[in-house]
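So you can see what is in the structure, the chains are spelled out below.
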Amino acid sequence: MSSALTGKVALVTGAGRGIGLVIAERLMADGARLVIANFDEAEAKAAAEEMSARSVDGKPPVVVPGNLADETVAKAAIDAAIDAYGRLDILVNNAGGGIIKPFAEHTPDTLRETIDRNLWTAIWCSYHALPVMRAQGGGRIVNIGADSVRNGLWDHAAYNAAKGGMHGMSTGLAREYARDGITVNTVAPCATNTPQMVEITERDPKLAEKFLSVIPMGRPAEMSEVASMVSYLSSDEASFITGQVISVNGGSTML
Ligand SMILES: NC(=O)c1ccc[n+]([C@@H]2O[C@H](COP(=O)([O-])OP(=O)(O)OC[C@H]3O[C@@H](n4cnc5c(N)ncnc54)[C@H](O)[C@@H]3O)[C@@H](O)[C@H]2O)c1
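Residues numbered from 1 in each chain as written. Predicted model: local features only at pLDDT ≥ 70, side-chain atom pairs only at ≥ 80, totals over all residues. Heavy atoms only, no water.

- Labelled according to an unreviewed UniProt entry, the protein chain appears under the name 2,3-dihydroxy-2,3-dihydro-p-cumate dehydrogenase, originating from Marinovum algicola.

## Examining the sheet that holds strand β3 (residues 62-65)
Item 1. On the basis of which strands lie adjacent, the open sheet formed by 7 strands has the order β3-β2-β1-β4-β5-β6-β7 and parallel pairing. Two strands lie at the open edges of the sheet, namely β3 and β7 (245-248), each paired on one side alone. Shown here is a sheet whose adjacent strand axes are inclined to one another by a mean of 20°, direction ignored.
Item 2. Relative to strand β4 (residues 90-93), strand β1 (residues 9-13) runs parallel, the two being bridged by 3 bridges. Among the inter-strand pairings, L11 is bridged to a residue of β4, identified as L91. (Pairing = 2+ DSSP bridges. Helix = DSSP H or I, 4+ residues; strand = E, 2+ residues; numbered from the N terminus. Axes fitted to C-alpha atoms, helices over the stretch in contact; angles between N-to-C directions.)

## Some points on the packing of aromatic side chains
Item 1. A complete count under the given rule lists 2 aromatic pairs for this structure.
Item 2. Each ring, one from W120 and one from W124, has its centre 5.3 Å from the other, and the planes form 25°; the classification is stacked. On the criterion of helical spacing, the pair formed by W120 and W124 is a turn pair, its members being 4 residues apart in helix α4 (residues 108-136).
Item 3. With centroids separated by 5.7 Å and ring planes inclined at 80°, the aromatic side chains of W124 and Y127 adopt a geometry described as edge-to-face. Pair noted here: W124 and Y127 are both in helix α4, with a separation of 3 residues, about one helical turn.
Item 4. Cluster of aromatic residues (ring-pair linked, three or more members): W120, W124 and Y127. (Phe/Tyr/Trp six-rings, centres within 6.5 Å; stacked < 30°, edge-to-face > 60°.)

Put into structure tokens, the structure is as follows:
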């Protein structure tokens, strides 16, 4: 770990558990002060409480509960950073998660939920963060996309529609804000060793094996491997990297 993010304020969405929690912990270890926005309030509060002992100022991260696909909740998350810390340097659009099934087995509700969770959350948070970052003279947006957009993984079509939208938003915003000191990038993990992945492996080993079979390294990503790329892209050192989709994927797609 480093002090690369000392003095920075980061909002990590969906940080109550899984990859988002590990990203939040990594950014905190690198010196950032945090806001955690998460659908489930109890989950986020428990995560914040657990992190408080290691925070820069000894206080727990600020928690903003609610559905970030709702514009007002997304705005509240950005406002919370300004209210608590007076600035927002880093937005990590991590909230999401797949409803993974063959396209024909989706219902209208699961299709909408997939887009809400994975795309609208990122659109609204970016929409409200960018004016703040522009006024400050800079910032970092890191989106958590998915490598499945590149390899068309089984049962991922609806999810890829959402994550592909996120990948596309990154390139467009990167160009629009390139002269404002704001970089916008996407980190695209392959199957990652989250509690959910462990559960899938136990419930359906054949499906898990199928997802892992496309990864030359033969294993899922560790959450910390995703977090370290997010940390780097959030830092001042990554100042000339923008508009990129960077896979953390054990070689499952190669460009
Ligand atoms: N796990 C993987 O194998 C994998 C692979 C590629 C990409 N990803 C992406 O990485 C991110 C994290 O994945 P994970 O496996 O840790 O997911 P997860 O389901 O374990 O956690 C997602 C978190 O986001 C929150 N969230 C979801 N929708 C929200 C909303 N509308 N508003 C506010 N909070 C919301 C949930 O409450 C939860 O805490 C997701 O965007 C996911 O799509 C995961």
